[in-house]
Amino acid sequence: MAGTARKSSSSGPSQHTLCRSPFLSIKFFVFCHGLLQLSQLLVSGYLKSSISTIERRYGLSSQTSGLLASFNEVGNTLLIVFVSYFGSRVHRPRFIGCGAILVSLAGFLMSLPHFITGPYEYDQSVASMFSNTTDLCQPGVPGSQGNLSQGSCTPRAARENHAVLLVMFTAQALLGIGGVPIQPFGISYIDDFASERNSPLYLGILFSVTVIGPGVAFMLGSAMLRFYVDIDKVSRDKVQLTHKDPRWVGAWWLGFLVAASLVALSAVPYFFFPREMPKEVGEVLQMTPQKVASGKESDSKKSKDVLSQLRLSSEHLQNLSLTKFIKHFPLVLLRNLRHPVYLLVVLAQVNLSAMVAGLATFMGKFLERQFSLTASLANMIIGAVNIPGAMVGIVVGGAIMKRFQMSLRQCSAMCVLGMFLCLLLAFPLLFLGCPTQKVAGITYTESSELGHQAWECNLQCHCPEKAYNPICGSNAIEYISPCSAGCRAVNINVDNNSVLHYTNCSCISGDGLEGSAKPGTCGTGCSHLFLPFVVLSCLAGILASTSHTPSFMLILRSIQPEDKSFAVGIQFMLLRVLAWMPGPVLYGSAIDTTCILWEKKCDRKAACRYYDNNLFRQRYLGLQFFFEVGAFLCFVAVYVILRRQEREARSTAETKGDPEKEKLAGNSIKSPESKV
């Protein structure tokens, strides 16, 4: 390639002609790939930002939504191994473009359930286009027949529910399959045709995009969920809900359309990039005899030797047939897994990835339930505080390593210190939360305060069991519907058709505002704890993220050079199989065990309406703390092993009386391969 670059530079006109085409510029490829990766992360990250909204809209349990969130890893994991084999055998830009088209299709499919199902239905207190009945106490209407919550489970409704799940799971599988070639092929293409001087800069730009992308996805979710879900089907004056209402469902589908459109646009340029392009002319290719005489050519040779070592394994494997490749893979896998440092660091990263999987998938829902936030505000906090905090931690960890040129033992010590400080800040989070609000008949027994009459206050109303239209009484007790509170009248704002308050409520008594209630939940009433929680969780995330770069360096430095490319591939495969796939399902199952009132659809459990907030906090944050402890113990074991190896090396050097080896055993490794 270097010879080709020199030859093209000697012919002036042809070189100028080449430079005019952006598709022969590696810089333009880096720009396109950064845009594509950002768009791809918008599609995958947006689902996590709208997971609680999708649960509410289609009646999904947290376990089901967790499985949905992790299902894209199934298609990705099944095919990622073969990317190592195909490498540069294929037209990589076109494969990336085809993968991007699949990702775009997956995004459009994710929004399809909105268009194949009817408008969102909810219990309401005023007759509307959906129903001519209300959720008020109506003694003359036995069973409140005709109420929306009592709608019969028709075969069409059951088919719709199955179709929604089928479409969403298919979309997630396509998302995983389409994402397989994007990052590996893009990185190898850049590394092949960028100059050795600029390649690390280009790859650093792409890695920074992978960190920024999820934050942008959560901010997009925050913006989209402010719009009502049926903004395209129902006029605004027909909607009685506000975005603070617990029945509110935002336009979750709109973000998928935006993200999928961006991916489709980003895919177009890849079909015009060549299979191979001229090597970028950099400092290494422009050496003059004077530079050679000054000794700079020797530095270039050293860097080339290091790069050739790193590529040795992948080049060797690409010369194998597919059957030999498949036979060779388990041998390399077992050889690496027998290495104690490699195995322990990967297990530590599995624990950290499982923690992040729960954080990314259900932290929004946790904030909504624990601190009575809207879905939009919860997404904004995650996108603007937690994810940028993790970025800061990664950058700080890399900067510290670069500044102090750390040895393997020092890298492990930095991981241990970061995780220990993270644990100190994460432990108080288990106690920073809100109790479950008082809900009549569910979490609160009224008989002690209202007397025996409380049990009979709404018997004549014949309230439907499935009704859900929460109101907050003047006695600071929440009721699941106006009917359950015995409310017979409602005051309406004629300007926007919204409910102002309910009156003549036989189950509510209080000073001054006797027998009245306002629409919506009473909330958890501990907003003063929200800011300390956000600050502590952000600081804990920063400290945990400082171990990101040192842990990768431990993997790259602790194994044989010829196994590096395979070891990194195995690492990512294990992270998917052991953390990203089961993690959201595990968290979702734990969250479901804390539910105290389920919505019923077609005689099956649907979305949860009320959680035991104390159990929710203890089990959700307890799982995260458990994984953090697991990562901490793994890093401690790595430190002990490396310290013992260092002592053995020092004692061996002292026995042989070699002062140079003794010095190398005690100090940082200063070879080019060990530097960050």
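> So what's going on with the packing of helix α7 (residues 92–116) against helix α8 (residues 155–179)? Which residues, and what values?
Pairs of packed helices are described in terms of their axes, by the angle between the two and the distance that separates them. One way to put it is that α7 packs onto α8 with a least axis distance of 7 Å and a crossing angle of 165 degrees. In terms of orientation, α7 and α8 fall into the roughly antiparallel class. For the pair α7 and α8, the crossing hand works out as left-handed. Across from Gly99, Ala100, Leu102, Val103, Leu105, Ala106, Leu109, Met110, Leu112, Pro113 and Ile116 in α7, the residues of α8 making contact are Glu160, Val164, Val167, Met168, Ala171, Gln172, Leu174, Leu175, Ile177, Gly178 and Gly179. The class makeup of the residues in the contact of α7 with α8 is 17 nonpolar, four polar and one charged.

> Can you lay out helix α17 (residues 408–426) for me, pointing to particular residues and giving the numbers?
Its 19 residues place the ends of α17 27 Å apart at the C-alpha level, agreeing with the 27 Å of an ideal helix rising 1.5 Å per residue. When α17 is considered as a whole, its buried residues turn out to be Leu408, Cys411, Ser412, Met414, Cys415, Val416, Gly418, Met419, Cys422, Leu423 and Ala426.

> How would you summarise the packing of helix α9 (residues 182–193) against helix α10 (residues 199–224) if you had to cite specific residues and measurements?
In contact at an axis separation of 9 Å, α9 and α10 are set at 160 degrees when each is read in the N-to-C sense. When the axes of α9 and α10 are compared, the pair comes out roughly antiparallel. Regarding α9 and α10, the two cross each other, and that crossing is right-handed. Contacts between α9 and α10 involve Gln183, Ile187, Ile190 and Asp191 from the former and Ser199, Tyr202, Leu203, Leu206, Phe207 and Thr210 from the latter. Of the residues assigned to the contact of α9 with α10, the class counts are six nonpolar, three polar and one charged.

> Which residues make up the pattern of salt bridges, and what values go with them?
All told, the structure shown has seven salt bridges when counted by the stated rule. Put simply, Glu368 and Arg56 hold a salt bridge, and the shortest N to O gap is 3.5 Å. Linking Glu368 in helix α15 (residues 340–371) with Arg56 in helix α4 (residues 51–58), this pair joins segments that are 312 residues apart in sequence. Overall, the relative accessible area of 12% leaves Glu368 in the buried class.

> Report on unusual backbone geometry, specifying residues and quantitative values.
Its identity is not glycine, yet Gln405 carries a phi of approximately 45 degrees, on the positive side. Along the chain, the position of Gln405 falls in the loop between α16 (375–404) and α17.

> Just give me the short version of the nonpolar core, but keep the residues and values in it.
Ranked by size, the top nonpolar core spans 72 residues in total, and within it Phe366, Leu367, Phe371, Met419, Phe533, Leu554 and Tyr620 carry the most contacts. In terms of residue count, the dominant contributor to this core is α15 (15 residues). Not counting residues within four places of it along the chain, the set of residues in contact with Met419 comprises Leu352, Ala544, Ser547, Glu628, Ala631, Phe632 and Phe635.

> Could you give an account of the pairing of strand β6 (residues 595–601), with specific residues and numbers?
Consecutive side chains along a regular strand alternate between the two faces of the sheet. In the sheet, β6 pairs with strand β7 (residues 604–611) via five bridges, with the strands oriented antiparallel. Its bridge partner being in β7, Cys595 is matched across the sheet by Tyr611. Adjacent in sequence and paired antiparallel, β6 and β7 are bridged by two residues, among which Cys602 carries a positive phi angle near 55 degrees.

> Got a sec to walk through the state of the cysteines? Specific residues and values, please.
Following the criterion strictly, the structure yields six disulfides and no others. Bridging Cys487 to Cys505, the disulfide has an S-S length of 1.9 Å. Looking down the S-S bond of the Cys487 and Cys505 bridge, the torsion is 105 degrees, so its handedness is right-handed. One end of the pair, Cys487, is in strand β3 (residues 487–493); the other, Cys505, is in strand β4 (residues 498–505), and 18 residues separate them in sequence. Accessibility classification places Cys487 together with Cys505 in one group, the buried group. One disulfide bridge connects Cys595 with Cys608, the sulfur atoms lying 2.0 Å from each other. Between Cys595 and Cys608, the disulfide has an S-S torsion of 100 degrees and is therefore right-handed. Here the residue Cys595 occupies a position in strand β6, and Cys608 occupies one in strand β7, the gap between them amounting to 13 residues.

> So what's going on with helix α3 (residues 26–49)? Which residues, and what values?
Compared with the 34 Å implied by 1.5 Å per residue over 24 residues, the 34 Å span of α3 between its first and last C-alpha is a close match. Remark: the principal bend of α3, roughly 30 degrees, maps to Val43. Here α3 lies mainly inside the structure; 19 of its 24 residues are buried. Two or three places before Lys27, at the start of α3, stands the capping residue Ser25, its side-chain oxygen 3.3 Å from that residue's backbone nitrogen.

> Residues and numbers for the packing of aromatic side chains, please.
If you walk through the whole model with that rule in mind, you get 33 aromatic pairs. With 4.9 Å between their ring centres and 85 degrees between their planes, Tyr46 and Phe256 make a pair best called edge-to-face. Taken together, the positions of Tyr46 in helix α3 and Phe256 in helix α11 (residues 252–267) put the pair 210 residues apart, joining distant regions of the chain. Take Tyr46: its relative accessible area is 0%, and that puts it in the buried class. Using a relative accessible area of 0% as the deciding quantity, one classes Phe256 as buried. Ring centres 6.2 Å apart and planes at 80 degrees place the aromatic pair Tyr468 and Tyr610 in the edge-to-face group.

> Tell me what's going on with a nonpolar patch on the surface, and back it up with residues and numbers.
A surface patch of nonpolar side chains, amounting to about 370 Å² of accessible area, comprises Ile101, Val268, Phe271 and Phe272. As for its position among the elements, Val268 is in the loop between α11 and α12 (289–293).

Rules behind the numbers
Numbering of residues starts from 1 in each chain and follows the order in which that chain's sequence is written. Whole-chain, interface and lining totals are the exception, using all residues; otherwise, since this is a predicted model, local features are given only for residues with pLDDT of at least 70 and side-chain atom pairs are given and counted only at 80 or more. With hydrogens and water excluded, all non-hydrogen atoms of the structure serve as input to the side-chain values. Angles run from 0 to 180 degrees between N-to-C directions of axes, and those axes are lines fitted to C-alpha atoms, restricted for helices to the stretch in contact. Put simply, DSSP H or I for four residues or longer makes a helix, DSSP E for two residues or longer makes a strand, and each gets a number counted from the N terminus. An angle below 35 degrees is read as roughly parallel, one above 145 as roughly antiparallel, one from 65 to 115 as roughly perpendicular, and any other as oblique. Handedness of each helix crossing follows the sense of rotation of the near helix against the far helix: counterclockwise by less than a right angle gives left-handed, clockwise gives right-handed. Contact definition: two residues touch when any of their heavy atoms are within 4.5 Å. For this classification, Asp, Glu, Lys and Arg are treated as charged, while Ala, Val, Leu, Ile, Met, Phe, Trp, Tyr, Cys and Pro are nonpolar and the rest, including Gly, are polar. Here the expected length of a helix is defined as 1.5 Å per residue gap, with one fewer gap than residues. Think of it in three bands: residues with accessible area under 20% of the maximum for their type are buried, residues over 50% are exposed, and the middle band is partly exposed, with areas taken using a 1.4 Å probe on protein chains only. Criterion for a salt bridge: a side-chain nitrogen of Lys or Arg within 4 Å of a carboxyl oxygen of Asp or Glu. For our purposes a nonpolar core is just a set of buried Ala, Val, Leu, Ile, Met, Phe, Trp, Tyr and Cys residues, chained together by side-chain atoms within 4.5 Å. We treat two strands as partners when DSSP finds at least two bridges between them. Note that a disulfide, as used here, is simply two cysteine sulfur atoms within 2.5 Å. The bend reported for a residue corresponds to the angle between axes fitted to the seven residues ending at that residue and the seven starting there. Polar contacts, as counted here, are pairs of nitrogen or oxygen atoms within 3.5 Å of one another; within protein the pair requires one atom able to donate a hydrogen and one able to accept it, and residues that are adjacent in sequence qualify only if both atoms are side-chain atoms. Each Phe, Tyr or Trp ring (for Trp, its six-membered ring) is paired with any other whose centre lies within 6.5 Å, and the angle between the two planes then decides the class: stacked below 30 degrees, edge-to-face above 60, tilted in between. Residues form patches when they are more than 30% accessible in relative terms and have no salt bridge. Like charges link within 9 Å. Nonpolar side chains (Val, Leu, Ile, Met, Phe, Trp, Tyr) link within 5 Å. Each accessible area is a Shrake-Rupley result for a 1.4 Å probe, and residues are judged covered by the shown protein chains and nothing else.

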